[in-house]
Amino acid sequence: MGGVSALLESVPTVQVWSYGSEDGSGLIRVLLDSAHTEAASDLLVGRYGSAEGFRLTLLAVEATIPAVEQPSKAEQGEGATGADDASREAESGSESATAPVPRISREERYSDVAEACAVNRVYVAMVILSTLVAAVGRIRGDVAVNIGAMVIAPLLGPNIGLALAVSLGDPALGRQSLRAILVGVGIVAVLSVLLGAMVTVDPAAPELAARTGPEVSDVAVAMAAGAAGTLAFTSGVPAVVVGVMVAVALLPPLVAAGLLLGAGQWSAASGALVLVLTNVTCVNLAAMAAFYWQEVRPRTYWEADRAKKALRRAAVGWAVLLALLIGLLLSGRIGGALVSI
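If you're wondering where the values come from, they're calculated on a predicted model, not measured in any experiment.

1. Let's talk about the nonpolar core
Point 1. Leu164, Leu208, Leu251, Val255, Leu259 and Met288 are the most contacted members of the largest nonpolar core, which has 53 residues in total.
Point 2. Element by element, the count of residues in this core is highest for helix H12 (residues 266-293), at 11 residues.
Point 3. Setting aside anything within four residues of it in sequence, one finds Leu208 in contact with Arg138, Val201, Asp202, Pro203, Ala256, Leu259 and Leu260.
Point 4. Within the second largest apolar cluster, 9 residues are counted, among which are Val4, Leu8, Val11 and Ala40.

2. Looking at helix H2 (residues 37-48)
Point 1. Here H2 spans 16 Å end to end across 12 residues, near enough to the 16 Å set by a 1.5 Å rise per residue.
Point 2. Listed in full, the buried residues belonging to H2 are Thr37, Glu38, Ala39, Ala40, Ser41, Asp42, Leu43 and Leu44.

3. Quick notes on a nonpolar patch on the surface
Point 1. On the surface, Ile139, Val190, Leu194, Met198 and Val199 cluster together into a nonpolar patch covering about 450 Å² of accessible area.
Point 2. Sort the elements by how many residues they give to the nonpolar patch and helix H8 (residues 171-198) lands first, with 3 residues.
Point 3. Tracing the sequence through the fold places Leu194 in helix H8.

4. Let's talk about the pattern of salt bridges
Point 1. Summed over all chains, the structure comprises 1 salt bridge.
Point 2. Note that Asp305 is salt-bridged to Lys309, the shortest N-O span being 3.6 Å. Taken together, the residues span about one helical turn, with Asp305 and Lys309 both in helix H13 (residues 301-331) at a distance of 4 residues.
Point 3. Classification of Asp305 as partly exposed rests on a relative accessible area of 41%.
Point 4. Judged by relative accessible area, which is 41%, Lys309 ranks as partly exposed.

5. So, the environment of Val219
Point 1. The topology assignment puts Val219 in helix H10 (residues 217-235).
Point 2. When sequence neighbours within four positions are dropped, the list of residues in contact with Val219 reads Thr278, Cys282, Leu322, Ile326 and Leu329.

6. Notes on the packing of helix H5 (residues 121-140) against H8
Point 1. Axis separation between H5 and H8 bottoms out at 9 Å; the angle between their running directions is 35°. H8 is crossed by H5, and the crossing has right-handed handedness. Taking contact as the criterion, the partners of Tyr123, Val124, Val127, Ile128, Thr131, Leu132 and Ala135 in H5 are, on H8, Ala180, Ile181, Val183, Gly184, Ile187, Val188, Leu191, Ser192 and Leu195.
Point 2. Each residue belonging to the contact of H5 with H8 can be placed in one class, and the counts come to 13 nonpolar, 3 polar and no charged.

About the criteria used
- Residues numbered from 1 in each chain as written.
- Predicted model: local features only at pLDDT ≥ 70, side-chain atom pairs only at ≥ 80, totals over all residues.
- Heavy atoms only, no water.
- Core = buried A, V, L, I, M, F, W, Y, C linked by side-chain atoms within 4.5 Å.
- Buried < 20%, exposed > 50% of the residue type's maximum accessible area, 1.4 Å probe, protein only.
- Helix = DSSP H or I, 4+ residues; strand = E, 2+ residues; numbered from the N terminus.
- Contact = heavy atoms within 4.5 Å.
- Expected span 1.5 Å × (residues − 1).
- Patch = residues over 30% accessible without salt bridge, like charges linked within 9 Å, V, L, I, M, F, W, Y side chains within 5 Å.
- Areas by Shrake-Rupley, 256 points an atom, 1.4 Å probe, with all protein chains shown as cover.
- Salt bridge = Lys/Arg side-chain N within 4 Å of Asp/Glu carboxyl O.
- Axes fitted to C-alpha atoms, helices over the stretch in contact; angles between N-to-C directions.
- Left-handed = near helix turned anticlockwise from the far one by under 90°.
- Nonpolar A, V, L, I, M, F, W, Y, C, P; charged D, E, K, R; others polar.

Here's what the structure looks like:
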């Protein structure tokens, strides 16, 4: 108990409890603000992580009685600086004088994102259902149906997961996220092409034409969607509404491209495909930028070095691709001219 309390002196804790047993093992519970969870977990894992039987469990607390008193601005600033210093020392041995950006801990965020990237029956079913609903909405031009498709589309998690994998230098999470993206995109593409071959598709329909003429303004929408989705995950805010925003950027153009390809409208479909690629690029770039702004780093310095290199390579790659796509949009070689052919 005393060792843990001393170890966490630099972290603003609310209360610490200790429970012992006859076999020498024990249970220690620490109540603290979520903004300081990562600093505390880094210190605990750094000290006791190699000990036999050690396990750190993070539990969300909705409320306490009596209520936790909020510190004053002066106390909050001092505590935040101490927590940030502790976290940085545990990660890279460096000192920091700036307060951390409020967010949930690395472990909580990783668990949420990894769960959202799991390719299982539910994920496949949601992709199929959202594709069917979106296709009907595109063909009928029904805005309410289109919104319904966005609500059930599970496209937020895998894209945020890919950006988080780069930020943490985690190849396993990267492969899992990429697999979920490819499976989702593949299902949407195949299903929408089949539907386009079976039903009458009018490329001049507003809901389709809007996705076949991409503009530079679409870049801003996709960037905002990626940043908002990342902030939703890292702040612990329910990501349903933000997931709708990301789905708006990814699912409609992909479904539109599939329907048009199935109907033999190759030129119109090319514009929608360019929009899909542009949106995926923007979402991932914005997500990586948001993680960087929130100082999302691995715990150890060697992992941090690997993550830094991976983030640099990924950022350059996505940025070059985005520049090429923007140049293509500005050139006028896609969009309305293609739709009119």
